[in-house]
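Commentary on secondary and tertiary structure
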Amino acid sequence: MVEVRLRVNGTAREIDVEPQVSLLDALRERLGMTGTKKGCDQGACGACTVLADGERICSCLALAVQYDGREITTIEGVDHPLQAAFTEHDGFQCGYCTPGQICSAIGMLAEHKAGAPSAVTEELDGDGAELTDDEIRERMSGNLCRCGAYNGIVDAVREVAGP
Amino acid sequence: MSSPHSPGTHAEPGTHPGPAGTRSAGVPAEPAPAAVGRAVDRVDAPAKVTGRARYAAEFPYEDLAWAAFTYATVTRGRITAIDTAAASALPGVIAVITHLDAPRMKPSPKPNPIRSMESMATATSVDYLNTPEVHWNGQPVAVVVAEDPETAAHAAESVAVTYEVLPHSADFAAEERHAVPQRNSVIQHASGTKGDADAALAAAPVSVDLRFTTPRHHHNALEPHATTAVWDGGRLTVHDGTQNIHWLRSQLATKFDVPVGDVRVLAPFVGGGFGGKSMVWPGTILTALAARVTGRPVRAALTREGVYRSVGGRQPSVQRVAIGAERDGGLTALIHTSTAPMGKVGGAPEQITSVARHMYGAEHIRHRQYTLGLDTLSTTNMRAPGESIGSFAMEAAVDELAYELGLDPVELRLRNEPSSNPIDGKPFAHRQLTECFANGASLFGWPARSFEPRSMREGSSLVGWGTAAAYHPAWQLPANVTVRLDARGRALVRCAFHEMGMGTATAQSQIAADALGVPFEAVTVEYGDSGLPTGPGAGGSAQTASVASSLLEACEKLKKSIGTPREGESYAQLLARTGRDHAEAVVGSETRVGKRVGQVRFTAKYLREQRRWMKAACGAHFCEVRVDADTGEARVTRWVAVFDVGRVVNAKTAASQLRGGIVMGIGQALTEQTLLDPRTGRIMNPSLSEYHVPVHADVPRIDVSWLDDPDPTMPLGIVGVGEVGITGVAGAVANALHHATGRRLRDLPLTLEKLL
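Note that the structure is a prediction, hence the values are computed from the model and not measured. (Residues numbered from 1 in each chain as written. Chains lettered and ligands numbered in written order. Predicted model: local features only at pLDDT ≥ 70, side-chain atom pairs only at ≥ 80, totals over all residues. Heavy atoms only, no water.)

1. Details of the interface of chain A and chain B
Rules: Between two residues, a contact is recorded if the distance between any of their heavy atoms is within 4.5 Å. As a working definition, buried area equals the accessible area (1.4 Å probe) given up by two parts on being put together, with both sides summed. For this document, the term salt bridge refers to a Lys or Arg side-chain nitrogen within 4 Å of an Asp or Glu carboxyl oxygen.
Listed per partner, the contact involves 50 residues of chain A and 57 residues of chain B. Taking both sides of the interface into account, the surface hidden between chain A and chain B amounts to around 4100 Å²; carbon and sulfur atoms contribute 53%. On the chain A side of the interface with chain B, the three residues burying the most area are Gln93(A), Arg146(A) and Asn151(A), jointly 21% of the side's total. For the interface between chain A and chain B, the tally reads seven salt bridges. Glu672(B) is paired through a salt bridge with Arg146(A); the nearest N and O atoms lie 2.6 Å apart.

Set out below in structure tokens:
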């Protein structure tokens, strides 16, 4: 067992875990925070996306012990205009991918603001790409939604991203 | 583990804890505006955007143990030795259960819809863990229970199994010739004829005769199947991601030989289903077994691979569509046949050729389905079972005929739009397919299309426009409902229906609000709990209309029992004036005899109605694809669809249902296939990395609209929106790809190596 100290949504939490325990399982099964979802457990679906010091990560591909001392934000700690926008634009149906989509979108907006390009960004020098629908789609493609609420998600993200 | 969660108090998660009682503190003075038809937000949105919505694997229990499964690695065989020593020796392992020591469970009843619709819940006839026989590559052969999920998973992989391999075949191509005609059933016509289609085809001046193939598909709901099972003496509580609460409850009662009333199934939220959670699969049963053996609450959350190993998918198919026409495009002959395998141990034959009965007014029609058994896991229903893949072949063949005739594909369809159901002349309850095509063509800009393939190139992109018709029958299932109205104007609707994202709770709240004359916000709906009045399964696009029918009846009963209000008085005010706290009305009986009588009455009325009318949703798809001329990469870049789905209760959630169907159809067209090794029957791509569902970048803006004209024969005029969206989609994409490239691809998925 390894003692791991995390700050989760602003609260210090200590857990004793085996080194092979993923951050996702630590959150869901050790801390009882089930808002973060498990869809594939191998980084293919994005349902487990959380923010680690503000950066989006797949918590299923992260070991809890790697995140000792880090600040983790899960959907339970999110209070963001995206939540109302997802509701307004119906950016979900079953809701299972939603926590990951919202955390991913928060991280993605920060990446964009910091000037990070995506695979569809044409101008790599300058102030960064305009966040067009194509940019949003490309940057959110790590988050699957089998219900197919993609149009609503793009609308929600675009509304919150602003002009 | 966090706070204990008593299984007796789970009404709350399935309740939409709307602002009932807060915003509706007073009795409304004005009649509420109509809620039906408004694009109101989902009642469960707050729970879903904050992570508060709890799915089957998320209910905490003190002393919870974890189960994981060992899956067979042979196609067909017999276990000769099973070594559990290594697994049992791992610290934290509580039990390893195999066929050698598993308590006997009752065999699953053979599916027989005539005797009992509930028998259909049986996913497979295999008595897994009560037999050394292995019937498919992936059958669970051991259950490990451990103190934590990592230990359970590790131990399950440490179980060593030795098999005697038995003769088998999982090779569809090799076995296709052994297919036999599928029998008709009460729920589907596997064959039908009108006139002499073969002679008419031979005599037709213009014809096409084509072979199409479609692969296996898997539902891939984002929430993998999960179960939490708790025994309290002889009583069983199960949290399960099911779209069939009632069937699951009776199946659990059968398997474990306990009274149905002693089983409680809770499914307040289900993370997608699409048919994959309709039947009862081994993971659910074996979790309940593990809980019984260990005396602990047990949870099993299947891995994604575990879902592929133990939950069936859609049948693959080989189809023939042959169409004969006069030179003016009038159809004389229409032949549609299909061959599709099931598992030898169970499966659901899809109504692949049913579109031939309903779509086009050919003088002569013949359709027939053939099935065969393979040594694989059972197949099962997946979104629009039959119509989905059948409409691909039909709509692609119609497009090919249009090009043989030199006719615009929309024009060919309009010329053959029937005035009654083509196979038997039954009147349509409602059919506005012509209007759908007219509106869709106009919205899309179809008239600007050039007829010739490869004629709309833009730079390195070959641009193509395609169209296809959509079609899905309208069904109804029995539903029991209670409604309560109190003197403060608050309404409570109770029914064990399902919320997998369709927006059912929202739609039923809207319907109840209007029927009782209260604001939408004053309605609370309880669902997803077998302790509630028995609801319909979530399938066949039938749930909304089925619940609505009983809900409207209950509201009428309720109002009658309250009395006649004075001018300007609401029913709630009448209750208050006459000193009554509340009134309640019940539709449907929960006794064993009452249920059976109700089912028989419902079925008799339903079949009468079905004989009288042809009821269905339909629609028209228009899409644009762009194909990279050098790499063959195809992208769908624009989509317009117009549907005739009767009355739309909620414009927001209905649009999402229709778009969701189209998105799944785009996956079916371009990327999705479950690859099965024909030698071993083992699924080779059991993951979301290797089975490619559409991602954000694959999905353009999808413009959906509907005619919003109620079907006069359906409750509130509702036809159902869950499945019609996917039908025709793969056909439209295939047709657009032909228009872009000049290539006809008839084998799904339409991947780039086939285009090059």
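From this point, the discussion proceeds with the structure in view.
2. Considerations on the sheet that holds strand 6 (residues 160-165) of chain B
All names here are of chain B. The cut-off we apply is this: Think of it this way: DSSP has to see at least two bridges between two strands before they count as a pair. Only DSSP runs of H or I reaching four residues or more are called helices, and only runs of E reaching two or more are called strands; each is numbered from the N terminus.
Spatial strand order, 4-2-6: three strands in an open sheet with antiparallel pairing. Two strands lie at the open edges of the sheet, namely strand 4 (133-134) and strand 6, each paired on one side alone. Strand direction decides the pairing type here: strand 2 (residues 77-83) and strand 4, joined by two bridges, are antiparallel. Following the sheet pairing, Gly77 is matched in strand 4 by Val134.

3. Regarding the pattern of salt bridges
Note the cut-off: When accessible area is computed with a 1.4 Å probe and restricted to protein chains, residues below 20% of their type maximum are described as buried, those above 50% as exposed, and intermediate ones as partly exposed.
Here the structure, examined in full by the defined rule, presents 55 salt bridges over all chains. One salt bridge in this structure joins Glu14(A) and Arg5(A), with 3.4 Å as the shortest N-O distance. Measuring nitrogen to oxygen at the nearest pair gives 3.3 Å for the salt bridge that ties Glu350(B) to Arg314(B). With Glu350(B) in the loop between strand 15 (331-343) and helix 9 (355-358) and Arg314(B) in the loop between helix 8 (304-310) and strand 14 (317-325), this residue pair connects regions lying 36 residues apart in the sequence. Note on Glu350(B): relative accessible area 1%, which makes it buried. Linked by salt bridges that have partners in common, Arg28(A), Glu29(A), Lys37(A) and Glu58(B) make up one network.

4. Looking at the packing of aromatic side chains
Residues and elements named next belong to chain B. So the rule is basically this: Two rings belonging to Phe, Tyr or Trp (six-membered ring only in the last case) form a pair when the distance between their centres is within 6.5 Å. Interplanar angles under 30 degrees mark stacking, angles over 60 mark edge-to-face geometry, and anything in between is tilted. Counted as over-ring charges are cases with an Arg CZ or a Lys NZ within 6 Å of the ring centre that also lie within 35 degrees of the ring normal.
Inspection of every chain in the model, using the stated rule, returns 14 aromatic pairs over all chains. Measuring from centroid to centroid gives 4.2 Å for Tyr403 and Phe451, while their planes differ by 20°, and the two rings are stacked. In this pair, Tyr403 is assigned in helix 10 (residues 387-405) and Phe451 in the loop between helix 12 (433-444) and strand 17 (461-473), connecting sequence segments 48 residues apart. Residues Phe437 and Phe622 carry aromatic rings whose centres are separated by 6.0 Å and whose planes lie at 80° to one another, so their mutual orientation is edge-to-face. Taken as a pair, Phe437 in helix 12 and Phe622 in strand 22 (residues 616-628) lie far apart in primary sequence, 185 residues in all. Relative accessible area serves as the criterion here: at 2%, Phe437 is assigned to the buried category. A network of ring pairs unites the aromatic residues Phe437, Phe444, Trp446, Trp465 and Phe622 as a single cluster. One cation-aromatic arrangement involves Arg638 over Phe444; the distance from NZ or CZ to the ring centre is 3.9 Å. We note Arg638 situated over the ring of Trp465; from NZ or CZ to the ring centre the distance is 5.4 Å.

5. Here's the deal with the pairing of strand 1 (residues 65-71) of chain B
All names here are of chain B. Most of strand 1 sits inside the fold, with seven of its seven residues counted as buried. Residues Ala65, Ala67, Phe69 and Tyr71 of strand 1 are buried on one face, and the alternating residues Trp66, Ala68 and Thr70, pointing to the opposite face, are buried as well. One ladder, built from two bridges, connects strand 1 with strand 13 (residues 298-301); its direction is parallel. Each bridged residue has a counterpart across the sheet, and for Ala65 the counterpart in strand 13 is Val298. Here strand 1 runs beside strand 5 (residues 140-146); their pairing, made up of six bridges, is antiparallel. When the bridges of strand 5 are listed, Ala68 appears paired with Val144.

6. Looking at the domain arrangement of chain B
All names here are of chain B. Just so we agree on the cut-off: Start and end points for every domain follow an automatic or database-based domain assignment. When residues are grouped by polarity, Ala, Val, Leu, Ile, Met, Phe, Trp, Tyr, Cys and Pro land in nonpolar, Asp, Glu, Lys and Arg in charged, and all others, Gly among them, in polar.
Each assigned domain of chain B is listed here: domain 1 (7-50 + 476-611), domain 2 (61-167 + 222-272 + 277-310) and domain 3 (175-217 + 314-474 + 615-755). Contact with domain 1, which involves 26 residues of that partner, is made by 24 residues of domain 3. Contact with domain 3 buries surface across domain 1, with Gln476, Ser541 and Gln610 losing the most and accounting together for 25% of the total. The interface formed by domain 1 and domain 3 includes two salt bridges. The partner of Asp41 in a salt bridge is Lys652, and the shortest N-O contact between them spans 2.5 Å. For the side of domain 1 that touches domain 3, the secondary structure elements donating two or more residues are helix 13 (504-516), helix 14 (543-562) and helix 16 (592-612). It is helix 14 that provides the largest number of residues to the side of domain 1 that touches domain 3, a total of five residues. Here the side of domain 1 that touches domain 3 is built from residues that sort into 11 nonpolar, 10 polar and five charged.

7. Looking at the packing of helix 3 (residues 98-113) of chain A against helix 5 (residues 150-161) of chain A
Residue and element names in this part refer to chain A. Rule in force here: Interaxial angles span 0 to 180 degrees and are taken between N-to-C directions of axes, which are lines fitted to C-alpha atoms, for helices over the stretch in contact. Between 65 and 115 degrees an angle is taken as roughly perpendicular, under 35 as roughly parallel, over 145 as roughly antiparallel, and anywhere else as oblique. Should the near helix be turned anticlockwise from the far one by less than a right angle, the crossing is termed left-handed; should it be turned clockwise, right-handed.
Contact geometry for helix 3 and helix 5: axes closest at 11 Å, N-to-C directions at 40°. On the basis of their axis angle, the class for helix 3 and helix 5 is oblique. For helix 3 against helix 5, the interelement crossing comes out right-handed. Here helix 3 contributes Gln101, Ala105, Met108 and Leu109 to the contact with helix 5, which in turn contributes Ile153, Val157, Val160 and Ala161. Here the contact of helix 3 with helix 5 is composed, by residue class, of seven nonpolar, one polar and no charged.

8. Regarding the domain arrangement of chain A
All names here are of chain A. According to the domain assignment, chain A contains domain 1 (2-76) and domain 2 (81-161). In this structure, domain 1 and domain 2 have C-alpha centres spaced 22 Å apart. With 16 residues of domain 1 at the interface, the matching set in domain 2 holds 16 residues. Of the roughly 1200 Å² buried where domain 1 meets domain 2, counting both sides, 57% is carbon and sulfur surface.

9. Observations concerning the nonpolar core
All names here are of chain B. We count it as follows: Nonpolar cores were defined as sets of buried Ala, Val, Leu, Ile, Met, Phe, Trp, Tyr and Cys residues, with membership established by side-chain atoms within 4.5 Å.
One finds Trp639 and Val733 to be the most contacted residues of the largest nonpolar core, which totals 183 residues. If sequence neighbours within four positions are ignored, Val733 has contacts with Cys623, Val625, Val636, Trp639, Ala669, Leu670 and Leu750. Membership of the second largest hydrophobic core comes to 51 residues, among which are Val270, Ile285, Leu302 and Met502.

10. Some details on the sheet that holds strand 3 (residues 49-52) of chain A
All names here are of chain A. Strands sit in the order 2-1-5-3-4 across an open sheet of five strands; the sheet is mixed. In the strand order of this sheet, the two ends are held by strand 2 (11-17) and strand 4 (55-58), each with one partner. Pairwise comparison of adjacent strand axes, ignoring direction, gives a mean angle of 40° for this sheet. As paired elements, strand 3 and strand 5 (residues 71-73) share two bridges and run antiparallel to each other. The residue bridging Leu51 from the neighbouring strand is Thr73, located in strand 5. Sheet strands in contact with helix 1 (residues 23-30) are strand 1 (2-8), strand 2, strand 3, strand 4 and strand 5, and its direction is about 100° off that of strand 2. Against the sheet, helix 3 engages strand 3, strand 4 and strand 5, with an angle of about 40° to strand 3.

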